[in-house]
Every structure is written in C-alpha cells, then in structure tokens.
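Each chain, letter by letter, is given below.
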Amino acid sequence: MTTPVRFGLVGYGFGGRYFHAPLLRAAPECDLVAVVTSAPERRALVEREVPGAATVSSLGELAGLGVEAVAISTPADTHSALTEEALGLGMAVVCDKPFALDAAAARASVELAARLGLVLSPYQNRREDSDFRTVRALVDDGVLGTVTRLESRFERYAPQDGPGRSGGGTLLDFGSHLVDQALFLLGPVRAVYAEWRERGSGLDDDVFLALTHESGARSHLWGSWSQSAPGPRWRVTGTAGTYVVAAGDSQEEQLVSGAETWGVEPEENHGTVYADGTARSHPTERGRWDTFYPRFAAAVRGEGEPPVHPADAIATAIVLDAARTSATTGAIVEVKPR
C-alpha cells in the first residue's frame with residue numbers, strides 16, 4: 001500500500017485509548033486523523049497521547065475531514081446505530097465487541113455494508129491472542145488429534161469494578177470473544193446451554209456456556225468479574241492429547257503499561273502438552289494484535305479480505321442470543337443453521 005487509510009476513532013475510553021489508538025498509530029498502513037469524543041478530559045488525553053489527531057464531536061465531522069474508515073469503541077448499546085451511521089456516510093467500519101446487542105441488529109448492519117459495498121469487520125482481536133494462536137497451531141498440526149472438548153475462561157476478580165454497564169454485561173462482553181474463538185476453532189453450534197448470576201446492578205456475571213458443535217465437539221466457556229480463583233485460560237482435549245495453559249495473553253497489560261513491543265510471553269507462562277503419559281512444556285506463540293489494522297486497511301484498498309468476516313459477527317450473536325434464552329429459562333436451546 002502506498003497511501004495509508006485515513007482513520008477516525010470513535011470513543012476514547014479504555015478500549016479506544018489502549019486497544020485501538022496504539023495499534024492504529026503503530027500501523028504504517030493507517031493514518032489516525034481524528035478522534036470523536038466530547039468529554040473535555042478525554043479531549044485533553046487525545047491531545048497529549050495522539051499528537052496531530054484532531055478531536056471532533058460527530059461522525060459527520062470525521063467524514064468532512066476525508067476519513068475513509070472508523071473504529072468504534074463506545075458503549076455496547078451505541079454500536080449498531082454508530083456502525084450504520086458511519087456506513088451511511090461512506091466509511092468502512094471496525095466495530096468493537098459486542099458487535100451488536102442481538103443477532104437481528106448484527107444482521108441488519110452486515111446487510112447494509114454489503115448493499116453499500118463497504119468493508120465491515122467486528123473487532124475480534126483475540127483471535128490473535130498468544131494463547132489462542134498456540135491452541136490453533138496445536139489443533140492445525142494434529143498434535144492433540146481430533147478435539148473433543150474445549151474449556152476457555154476469562155475470569156477476573158474485580159467485584160467492585162465489573163461488569164461495566166458500557167460492555168452490556170459479562171455475556172456480551174467476555175462472551176463475545178469466548179464464543180467467537182470457539183466457533184472459529186470448532187465450527188458451527190447446534191445447541192447451547194447457559195447459566196448466569198445477575199448482580200445488584202442488574203448486569204449478568206459468573207456466566208457459563210456449554211456449546212455442542214455440529215462436529216460433536218463441546219465447548220465449555222466461563223466469564224466472570226468475581227472469581228477469586230480463576231481456572232486455566234485453556235484446557236483443550238483431543239483424541240491424542242491435552243493442552244493446558246494457565247496464563248492468558250499479556251498484550252492488554254503491555255499496551256496499558258505503554259510498552260513499545262507486545263505479544264511475547266515469558267517462558268514461565270508457557271503451557272503444557274499431555275500425551276502418551278508424558279507432560280512437556282510447549283512454547284506460546286507470539287500474540288499478533290498488531291496484524292488486525294494492516295489487514296483491515298488492505299481490505300479497504302481492495303487488497304484482500306477483512307481480518308474477521310462480518311458474517312462471523314452474526315454467527316456469534318446467534319449463539320449469544322441462545323445463551324441468553326437458556327440462562328433465563330434453564331432450557332437447552334437448539335440453534336438453527338444460518
């Protein structure tokens with residue numbers, strides 16, 4: 001690419017500040033032109049942390065600056081409206097999780113982008129987590145044989161802090177990534193069972209999902225902000241072995257700390273492969289969040305597919321809708337093929 005894609009960032013809260021702005025600025029293929037934020041304190045942060053970027057109040061102002069693509073990192077209940085407004089203004093869109101509050105809204109945005117011929121991608125950066133890249137490589141290389149059960153967790157102990165209302169609750173927040181990874185690795189789902197606990201805020205937490213994939217494999221997924229003894233990030237079992245890793249990807253912490261490089265995990269955080277009665281340490285792949293925006297920019301220029309296909313956002317939302325129904329009713333919910 002000879003001309004960087006002119007980007008706008010919508011929102012400068014935690015996600016915009018630490019997950020999007022640094023990665024956009026690190027990508028030569030992208031030019032972060034402006035940030036949409038109205039809060040005076042956040043405008044001051046942008047001026048200090050994103051030199052040369054303007055601060056504006058609307059998507060219309062972004063379009064007036066010649067912005068070609070936007071990254072949306074705002075509260076969950078604004079995602080669909082902002083995505084469709086940006087598409088209507090002729091801009092390609094990256095939308096943070098949850099992509100939409102339900103499958104119907106996700107489908108409407110995806111269909112609009114298709115009609116307008118614009119690139120749209122859910123921000124599933126955790127497909128490039130160090131731990132998930134390692135799981136994918138082990139599965140692709142056949143080290144574990146045929147996967148029969150996958151266990152995956154985002155569990156934290158921050159009972160006073162989360163789940164935040166801006167994320168829409170733990171199912172939509174952590175669940176968006178957990179479900180996307182399970183679908184990406186093991187394919188479509190035919191049945192969903194879920195449990196959750198509602199906190200005093202009215203938001204769901206301590207979420208558990210059991211997915212039965214069409215292949216017969218099962219995914220057990222946990223998300224919590226109030227787990228004082230988190231389980232292993234992954235335990236993946238197949239017909240030839242099991243992989244366990246306790247520590248999750250460190251790119252979030254590295255970006256928050258201001259590190260100039262990220263994605264490399266220390267040896268003490270490597271996982272273990274158990275097979276044939278033996279246990280051996282297995283190196284963790286480098287995390288590659290830094291590949292998302294270069295790939296998206298290339299897609300905007302007509303040079304390849306977006307890093308995450310927009311239809312995948314619909315598939316994830318369908319499973320999350322089924323999980324919400326199951327957690328509410330206690331029933332196993334059958335998922336119809338797309």
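Structure's up top.
Please read all numbers here as calculations on a predicted model, not as lab measurements.

Engineer: I'm lost on the overall build of the chain in this one. Help?
Structural biologist: Scanning the chain for helices and strands turns up ten helices and 15 strands. Over its C-alpha trace the chain gives a radius of gyration of 20 Å, about what one expects of a compact globule, namely 20 Å for 338 residues. In terms of its C-alpha atoms, the chain occupies a principal-axis envelope of roughly 60 × 45 × 40 Å. Within the chain, the fraction of its 338 residues that count as buried is 53%. Pairs at least 24 apart in sequence give 70% of the contacts found in the chain among residues at least 6 apart. As displayed, the chain has an accessible area near 14400 Å², and 50% of this comes from carbon and sulfur atoms. On the chain, the mean spot of the 31 positive side-chain charges and the mean spot of the 44 negative ones are 2 Å from each other.

Engineer: How should the sheet that holds strand β7 (residues 147-155) be read in this particular structure?
Structural biologist: Pairing between the strands of a sheet comes from backbone hydrogen bonds, and it takes one of two forms, parallel or antiparallel. A sheet is described by the order of its strands in space; here nine strands give the open sequence β14-β13-β12-β11-β7-β10-β9-β8-β15, paired in mixed fashion. Two strands lie at the open edges of the sheet, namely β14 (278-282) and β15 (333-334), each paired on one side alone. Here strand β12 (residues 242-245) runs beside strand β13 (residues 271-275); their pairing, made up of three bridges, is antiparallel. Paired with T242 across the strands is Y274, a residue of β13. This element, helix α10 (residues 310-329), spans β8 (189-198), β9 (204-213) and β15 of the sheet and lies at about 55° to β8.

Engineer: In this structure, what is going on with the nonpolar core? I would like to understand it.
Structural biologist: The tendency in soluble globular proteins is for nonpolar side chains to be buried as a group. L62, V70 and L209 are the most contacted members of the largest nonpolar core, which totals 68 residues. Of all the elements, α10 adds the most residues to this core, at ten residues. Apart from residues lying up to four places away in sequence, L62 is in contact with G8, V10, A34, V36, V56, V67, V70 and M91. Judged by nonpolar contacts, the second largest core, of 32 residues, contains Y12, V119, Y123 and Y293.

Engineer: I'm lost on the packing of aromatic side chains in this one. Help?
Structural biologist: Here a ring pair, both rings aromatic, is described through the centre-centre distance and the interplanar angle of the planes. Taken as a whole, this structure holds 13 aromatic pairs when the rule is applied. Each ring, one from F292 and one from Y293, has its centre 5.3 Å from the other, and the planes form 80°; the classification is edge-to-face. Here F292 matches Y293 in class, with each residue buried. By the ring-pair criterion, three or more aromatic residues cluster together here, those being F7, Y123, F292, Y293 and F296.

Engineer: What's the story with helix α1 (residues 14-26) in this structure? I'm lost.
Structural biologist: Each turn of an α-helix holds 3.6 residues, which means side chains three or four residues apart point in the same direction. An ideal rise of 1.5 Å per residue puts 18 Å on 13 residues; α1 measures up with 18 Å between its terminal C-alpha atoms. Bending of α1 peaks at approximately 35° at the position of H20, with proline P22 no more than four residues after it. Along α1, the positions that sit buried rather than exposed are G15, G16, Y18, F19, H20, A21, L23 and L24. If you follow the buried residues of α1, they end up packed against β1 (5-10), β2 (30-36), β4 (69-72), α8 (251-257) and α9 (292-300).

Engineer: Help me understand the environment of Q227 in this model?
Structural biologist: With respect to the helices and strands, Q227 occurs in the loop between β10 (218-224) and β11 (234-238). With relative accessibility at 26%, the residue Q227 sits in the partly exposed group. Residues Q227 and G11 lie 216 residues apart in sequence; the distance between their C-alpha atoms is 29 Å. In this structure Q227 touches E155, R156 and Y157, once residues within four positions along its chain are discounted.

Engineer: In this structure, what is going on with the sheet that holds strand β3 (residues 54-56)? I would like to understand it.
Structural biologist: Taken together, the six strands give an open sheet; going across it, the order is β3-β2-β1-β4-β5-β6, and neighbouring strands pair in parallel fashion. Either end of the sheet is taken by a strand with one partner, and the two such strands are β3 and β6 (120-122). Shown here is a sheet whose adjacent strand axes are inclined to one another by a mean of 25°, direction ignored. Of the strand pairs in this sheet, β2 and β3 are connected by three bridges, and their pairing is parallel. Residue pairing for β3: V36 is matched across the bridge by V56. Contacting β1, β4, β5 (92-95) and β6, helix α4 (residues 79-88) runs over the sheet at an angle of about 165° to β5.

Engineer: Whenever I open this one, the packing of α4 against helix α5 (residues 103-116) confuses me. Can you help?
Structural biologist: Any two packed helices are characterised by the angle at which their axes cross and by the distance between the axes. Orientation of α4 relative to α5, taken along the N-to-C sense of each, is 5°, at an axis distance of 10 Å. Classified by the interaxial angle, the pair formed by α4 and α5 is roughly parallel. Note on element contacts: α5 touches α4 through A105, A108, S109, L112, A113 and L116, opposite S80, T83, E84, L87 and G88. Looking at side-chain class alone, the contact of α4 with α5 contains six nonpolar, four polar and one charged residues.

Engineer: Can you help me understand the pairing of β5 in this one?
Structural biologist: The side chains of a regular strand alternate between both faces of the sheet. Burial along β5 is two-sided: A92 and V94 and V93 and C95, pointing in opposite directions, are all buried. Relative to β5, β4 runs parallel, the two being bridged by four bridges. Directly across from I72, in β5, lies its bridge partner C95. Between the parallel elements β4 and β5, the chain passes through α4 in a crossover that is right-handed. Inspection of the sheet shows β5 paired to β6 by three bridges, in the parallel sense. Directly across from C95, in β6, lies its bridge partner P122. Regarding topology, α5 serves as the crossover connection from β5 to the parallel β6, and that connection is right-handed.

What counts and what doesn't
Residues numbered from 1 in each chain as written. Predicted model: local features only at pLDDT ≥ 70, side-chain atom pairs only at ≥ 80, totals over all residues. Heavy atoms only, no water. Helix = DSSP H or I, 4+ residues; strand = E, 2+ residues; numbered from the N terminus. Rg over C-alpha atoms; globule rule 2.2 N^0.38 Å. Buried < 20%, exposed > 50% of the residue type's maximum accessible area, 1.4 Å probe, protein only. Contact = heavy atoms within 4.5 Å. Areas by Shrake-Rupley, 256 points an atom, 1.4 Å probe, with all protein chains shown as cover. Lys, Arg positive; Asp, Glu negative; His and termini not counted. Charge placed at Lys NZ, Arg CZ, Asp CG, Glu CD. Pairing = 2+ DSSP bridges. Axes fitted to C-alpha atoms, helices over the stretch in contact; angles between N-to-C directions. Core = buried A, V, L, I, M, F, W, Y, C linked by side-chain atoms within 4.5 Å. Phe/Tyr/Trp six-rings, centres within 6.5 Å; stacked < 30°, edge-to-face > 60°. Expected span 1.5 Å × (residues − 1). Bend = angle between axes of the 7 residues up to and from the residue. Parallel < 35°, antiparallel > 145°, perpendicular 65-115°, else oblique. Nonpolar A, V, L, I, M, F, W, Y, C, P; charged D, E, K, R; others polar. Right-handed = clockwise from strand over helix to strand, strands pointing away.

These values are about where atoms sit, not about what they do.
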